[in-house]
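Take a look at the letters that make up each chain.
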Amino acid sequence: MAKQKKEVLKVENVGMKFNLSQEKVDDLKDYVIKLLKRELQYNEFWALKNINFTLNKGDRLGILGLNGAGKSTLLKVIAGVLKATEGTVTTKGKIAPLLELGAGFDQQYTGRENIYLYGAVLGFSKKFLDEKYEEIVQFSELEKFIDVPVKNYSSGMKTRLGFSVATLVEPDILILDEVLSVGDAKFRKKSEKKIMNMFDKGVTVLFVSHSLEQVKRLCNKAILLEAGQIIASGTVEEVSKIYEEKTN
Ligand SMILES: Nc1ncnc2c1ncn2[C@@H]1O[C@H](COP(=O)(O)OP(=O)(O)OP(=O)(O)O)[C@@H](O)[C@H]1O
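Residues numbered from 1 in each chain as written. Predicted model: local features only at pLDDT ≥ 70, side-chain atom pairs only at ≥ 80, totals over all residues.

Asker: Even after reading the chapter, I still don't get the site of the ligand, so can you show me in this structure?
Answerer: The ligand sits among Phe18, Leu20, Ala47, Gly65, Asn67, Gly68, Ala69, Gly70, Lys71, Ser72 and Thr73. When residues of the shell around the ligand are traced back to their parent elements, those giving at least two are strand S1 (7-21) and helix H2 (71-79). The biggest single contributor to the shell around the ligand is H2, with three residues. Among the residues making up the shell around the ligand, the classes are represented as four nonpolar, six polar and one charged. (Near = placed C-beta within 6 Å. Helix = DSSP H or I, 4+ residues; strand = E, 2+ residues; numbered from the N terminus. Nonpolar A, V, L, I, M, F, W, Y, C, P; charged D, E, K, R; others polar.)

Asker: Just to check I follow, could you spell out the pairing of strand S3 (residues 60-64) for this structure?
Answerer: In the case of a regular strand, side chains alternate between the two sheet surfaces. The buried fraction of S3 is high, at five of five residues. Residues of S3 alternate between two faces, with Arg60, Gly62 and Leu64 on one and Leu61 and Ile63 on the opposite face, all of them buried. As judged from the four bridges shared by S3 and strand S7 (residues 204-208), these two strands associate in the parallel manner. Paired with Ile63 across the bridge in S7 is Val208. Inspection of the sheet shows S3 paired to strand S8 (residues 221-226) by four bridges, in the parallel sense. Paired with Gly62 across the bridge in S8 is Ala222. (Buried ≥ 20, exposed ≤ 12 C-beta atoms within 10 Å, placed from the backbone. Pairing = 2+ DSSP bridges.)

Bear in mind that shape data such as this cannot, by itself, settle questions of function.
Right, here's the structure in full:
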């Protein structure tokens, strides 16, 4: 008997609309005045339209597309960072969104304080973070800098700290936006290993990368986005062939 496939993600008719302001607004006062006088002109812009797909446990989906195709927006909608204008996203289990790592840090606070702040945002309790604190610091290799305000960190250091907190628990769905291409070579290897371990345990992955080689190596399925719509989906081999033809 065929093994029952367990559906963990369902994206149905998702659309995301942004309002692009057409004019330059100099400051908040200017904005409020223009708003009251109804002088603000917006261009409606659909960054995603009619997005439909499902993923089963253990699927690893590569999301391909040129700049501005809607890849990051799609990941943010699935992660719950953005609310879709229309359609629904249904997920089962824990999600670890590795998006813009370190972007949510408070620059004035130290690395130590940000571990607790960011950890709380990800839903971890103080007790859990106390228990995992040493592990986080060790993985990030920021022992010497942990009591320094994050504003004095390099972007790679922030990413390392963000990655170490975000991967504390094994998720059911892992959302990766270019994270494997940041940090130095040493940390890249280490983070890729940690993620590979999650793969072995059957995590479901959504992966955006401009490295086709990386997508082919890590994913089994793929979709190709163009101007916010899925124009191809299938195995990673099929879809990357179409993508390569389009970009050559
Ligand atoms: N907050 C926002 N407000 C207005 N427009 C936005 C916003 N976020 C994204 N967009 C627009 O939505 C479109 C899709 O952007 P997105 O970042 O998802 O593309 P992408 O495929 O990830 O591109 P890249 O490969 O450059 O990272 C772009 O045209 C972008 O300008």
